[in-house]
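Spelled out, the chains give:
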Amino acid sequence: MFEHDFLAPFPEIFLINATIILLIYEVVLSTSKKYDYPPLVRNVSWLGLLSVVRLGGRVWENEEPYRYLITILLLAANAPLTVANLFYNNLIINNFTYFCQIFLLLNTASTIVMCLDYFKEESLNAFESIVLILLFTRSMLLMISAYDLIAMYLAIELQSLCFYVIPALKRDFEFSTEAGLKYFILGAFSSGILLFGCSMIYGFIGVTNFEELAKIFIGYKITLFGAQSSGIFMGILFIAVGFLFKITTVPFHMWALDVYEGSPTLVTTFFSIAPKISILANMVRVFIYSFYDPTWQQLFFFCSIASMILGALAAMAQNKVKRLLAYSSIGHVGYLFIGFSCGTIEGIQSLLIGVFIYVLMTINVFAIVLALRQNCFKYIADLGALAKTNPILTITLSITMFSYAGIPPLAGFCSKFYLFFVALGCGAYLLALIGVVTIFISCFYYIRFVKIMYFDTPKTWILYKPMDREKSLLLAITLFFITFFFLYPSPFFLITHQMALSLCL
Amino acid sequence: MEFAPICVYLVISLLLSLILIGVSFLFASSSSLAYPEKLSAYECGFDPLDDARSRFDIRFYLVSILFIIFDLEVTFLFPWAVSLNKIGLFGFWSMIVFLLILTIGFIYEWKKGALDWE
């Protein structure tokens, strides 16, 4: 009965075991008098991330096997099963989930890498944050392979619970507490709406499995006033609203700004990157596989248009970096929704490519923000005359900002081009038109970064300390991808095409 | 005859409530040893008739959260215990895994000092 049900999610099982062992290790060690309560954050984050072997003679106190990279390697190399339905059809593993999970693990690994220095600087002794991050990674792996409304909801709740805690990490900083409280309330509210939708679907249909829902909805028009059940419409509407809350699209974006701004920069990094991947993957599965219907297109069109417009217009008035990045991520989700709302295979493919490039750019930007936060890099004007103090960082940030703005040879342009191409191909002319207009508008504040760096002189000259090795490596890798993506994009196109195809089969 | 368990249930609950009230009538302190502090209701050290919006120690909240978690664990244990002959060895080990994960949480909480009321 369960021959391969424990073999296939082996990476996830490994991750959860590693998390548990790590938690016990750190709680026992850090409260033991014998070792004089060592702050264990760096240890734990390295253990959580990768092993530090003797690189050129440097020896760390604790050498333990690779953890995170093992998970990635297990997924990538081993992959005992490539297509499987597990646990009574609760989980599924196919090409889509496979590549999404690898992508997600790579991103979380790079985000943890970015935050190693952060812990040392802020002397945050909260090793629990790493455990929480590992837990929520596992929940996102589960969410990507969820094939049932119940499994999906469980994974979303696990992810949300792990996330509710970490914005409030800085206990003496009231913005942080405010962010945590707002995120908790909004997250609980949106999960409640989502669950309500799921229960209505179950009440009106009687099945919760995505595959069976897909079979039921073939050729079934879901309208509000049609002869068929309007309860299903309400149920799916609630599910959609719950998801839209979590992904910060426009009518439901209010919480994101305060949460992104108030939480510690590390946590903002996580918020911008990881939930978007997993929740978008889940949404694709739910709305394009199970509930495929043109009725939702209108809702997603509206959300996409509104997100793009708001992301472009409202970011112009911002003075603070994190709020501006929050608005830009809202705008980007609007662009990604263009691909999502078209509902074609190219649409899904463009969504996946857009997510990939968006994540790369966001990792880049947040690595720079984290590197520059020594002297409280809160306002954009703090960037003034960076070109004179740190020219290479300036070039990095300029290229990333140009990529965000969609300037031609960079990766951001490629992703946006493909998204608009798909929108035109499916007949959503208004979407493409508004998209292009908002790109022009948003160019302003992206290029304003560049202008401030090169041409402004700040009131007080700010000297930044050099960043550590890990962040510079990460910046180099992502910058390389962003700059040279257009030369050889076909591997990604092929991978995303295969992912989109395997979703629709 | 099918309602016999309900009758038993009714009798036991009636008896229990009567015992709870009756014993305090029988053994409560009478005149000589009673002073206002001793006679007042117990509310974890708070003044029972005071304004409800006073400051309180956050440990009360912690205790209630921990209670919820472990109480729900016990609630899951009940149907498992009743149906253990049907779910066999596999069901047994599934529950053990669940208990193990909760025990890990318990160890964490113990070591962090959430149980020290000090």
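Computed from a predicted structure; not experimentally measured.

(A) Spotlight on the overall build of chain B. Tallying secondary structure elements over chain B gives four helices and zero strands in all. Going from the N terminus to the C terminus, chain B shows its helices and strands as α-α-α-α. Against the 2.2 N^0.38 benchmark of 13 Å for 118 residues, chain B shows a C-alpha radius of gyration of 22 Å, more extended than a compact globule. Principal axes of the C-alpha set define a box for chain B whose edges measure 60 × 55 × 25 Å. Split into buried and exposed, the 118 residues of chain B put 8% on the buried side. Long-range contacts, defined as pairs at least 24 residues apart, comprise 47% of the intrachain contacts of chain B with a sequence gap of at least 6. Accessible surface computed for chain B: about 10500 Å², of which carbon and sulfur atoms make up 73%.

(B) Examining the nonpolar core more closely. Counting residues in hydrophobic clusters, the biggest one holds 157 residues, and the most contacted among them are Met152, Phe243, Met283, Phe287, Phe291 and Phe337 of chain A. Non-local contacts of Met152 of chain A, meaning those with residues more than four positions away in its chain, are made with Ala146, Leu194, Cys198, Phe210, Phe243, Asn282 and Val286 of chain A.

(C) Broad picture of a negative patch on the surface. The grouping of Glu37, Glu43, Asp47, Asp50 and Asp51 of chain B at the surface amounts to a negative patch. By the element assignment, Asp47 of chain B lies in the loop between helix H2 (36-39) and helix H3 (58-82).

(D) Expanded view of the packing of aromatic side chains. Counted according to the given criterion, the structure contains 39 aromatic pairs over all chains. When the centroid spacing of 4.9 Å and the interplanar angle of 40 degrees are considered together, the rings of Phe245 of chain A and Phe252 of chain A count as tilted. As far as the burial class goes, Phe245 of chain A and Phe252 of chain A line up, both buried. Here Phe70 of chain B and Phe106 of chain B contribute two aromatic rings whose centre-to-centre distance is 5.7 Å and whose plane-to-plane angle is 80 degrees, an arrangement assigned as edge-to-face. On the criterion of sequence distance, the pair formed by Phe70 of chain B in helix H3 and Phe106 of chain B in helix H4 (residues 84-112) is long-range, its members being 36 residues apart.

(E) Focus on the side chain of Thr438 of chain A. All names here are of chain A. As for its position among the elements, Thr438 is in helix H18 (residues 429-455). Engagement of the side chain of Thr438 in a polar contact is seen with the side chain of Tyr335, the distance being 3.3 Å. For Thr438, the side chain forms a polar contact with the main-chain oxygen of Gly435, separated by 2.8 Å. Residue contacts for Thr438: discarding those within four places in its chain leaves Met308, Ile309, Ala312 and Tyr335.

(F) Summary view of the side chain of Thr400 of chain A. Residues and elements named next belong to chain A. Structurally, Thr400 can be placed in helix H16 (residues 391-405). Relative accessible area serves as the criterion here: at 0%, Thr400 is assigned to the buried category. Separated by 2.8 Å, the side chain of Thr400 and the backbone oxygen of Thr396 make a polar contact. For Thr400, the residues in contact, after removing those within four places along its chain, are Met361, Asn364, Val365, Leu479 and Ile482.

(G) Representation of the packing of helix H5 (residues 128-144) of chain A against helix H11 (residues 265-290) of chain A in the model. Residue and element names in this part refer to chain A. For the pair H5 and H11, the least separation of the axes is 9 Å and the interaxial angle reads 20 degrees. Considering the angle they form, H5 stands roughly parallel to H11. Crossing handedness for the pair H5 and H11: left-handed. Every residue of H11 that contacts H5 at Ile133, Phe136, Met140, Met143 and Ile144 is listed here: Phe270, Ala274, Pro275, Ser278, Ile279, Ala281, Asn282 and Arg285. Tallied by class, residues from the contact of H5 with H11 come to 10 nonpolar, two polar and one charged.

(H) Structural view of helix H9 (residues 230-246) of chain A. Residues and elements named next belong to chain A. Here H9 spans 25 Å end to end across 17 residues, near enough to the 24 Å set by a 1.5 Å rise per residue. Taking burial as the measure, the 17 residues of H9 include 13 buried ones, the bulk of the element. Residue Thr248 follows H9 closely and has a positive phi angle near 55 degrees.

(I) Up close: unusual backbone geometry. Residue and element names in this part refer to chain A. Backbone geometry places Thr248, a non-glycine residue, at a positive phi of 55 degrees. Residue placement: Thr248 occurs in the loop between H9 and helix H10 (254-262). A relative accessible area of 1% places Thr248 in the buried class.

(J) Molecular detail of the packing of H16 of chain A against helix H17 (residues 411-426) of chain A. All names here are of chain A. Between H16 and H17, whose axes approach to 6 Å, the crossing angle comes to 10 degrees. Here H16 lies roughly parallel to H17, going by the angle between them. Of the residues in H17, those in contact with Ser403, Tyr404 and Ala405 of H16 are Ala411, Gly412, Phe413 and Lys416.

(K) Region of the structure containing the pattern of salt bridges. One pass over the structure, following the stated rule, counts six salt bridges over all chains. Several salt bridges converge on common partners, so that one network encompasses Glu178, Lys182, Asp258, Glu261, Lys320 and Arg323 of chain A.

(L) Representation of the confidence of the model for chain A within the structure. All names here are of chain A. Across chain A, the average pLDDT comes to 78, with 80% of residues at or above 70. A low-confidence stretch, residues 35-39 stays under pLDDT 50, and its non-local contacts, those more than four residues away or across chains, total seven contacts. Overall, residues 50-67 carries pLDDT values under 50, and its contacts beyond four positions in sequence, including any with other chains, amount to 27 contacts.

Cut-offs applied
Residues numbered from 1 in each chain as written. Chains lettered and ligands numbered in written order. Predicted model: local features only at pLDDT ≥ 70, side-chain atom pairs only at ≥ 80, totals over all residues. Heavy atoms only, no water. Helix = DSSP H or I, 4+ residues; strand = E, 2+ residues; numbered from the N terminus. Rg over C-alpha atoms; globule rule 2.2 N^0.38 Å. Buried < 20%, exposed > 50% of the residue type's maximum accessible area, 1.4 Å probe, protein only. Contact = heavy atoms within 4.5 Å. Areas by Shrake-Rupley, 256 points an atom, 1.4 Å probe, with all protein chains shown as cover. Core = buried A, V, L, I, M, F, W, Y, C linked by side-chain atoms within 4.5 Å. Patch = residues over 30% accessible without salt bridge, like charges linked within 9 Å, V, L, I, M, F, W, Y side chains within 5 Å. Salt bridge = Lys/Arg side-chain N within 4 Å of Asp/Glu carboxyl O. Lys, Arg positive; Asp, Glu negative; His and termini not counted. Charge placed at Lys NZ, Arg CZ, Asp CG, Glu CD. Phe/Tyr/Trp six-rings, centres within 6.5 Å; stacked < 30°, edge-to-face > 60°. Polar contact = N/O pair within 3.5 Å; in protein donor to acceptor, adjacent residues only side chain to side chain. Axes fitted to C-alpha atoms, helices over the stretch in contact; angles between N-to-C directions. Parallel < 35°, antiparallel > 145°, perpendicular 65-115°, else oblique. Left-handed = near helix turned anticlockwise from the far one by under 90°. Nonpolar A, V, L, I, M, F, W, Y, C, P; charged D, E, K, R; others polar. Expected span 1.5 Å × (residues − 1). pLDDT = per-residue confidence, 0-100.

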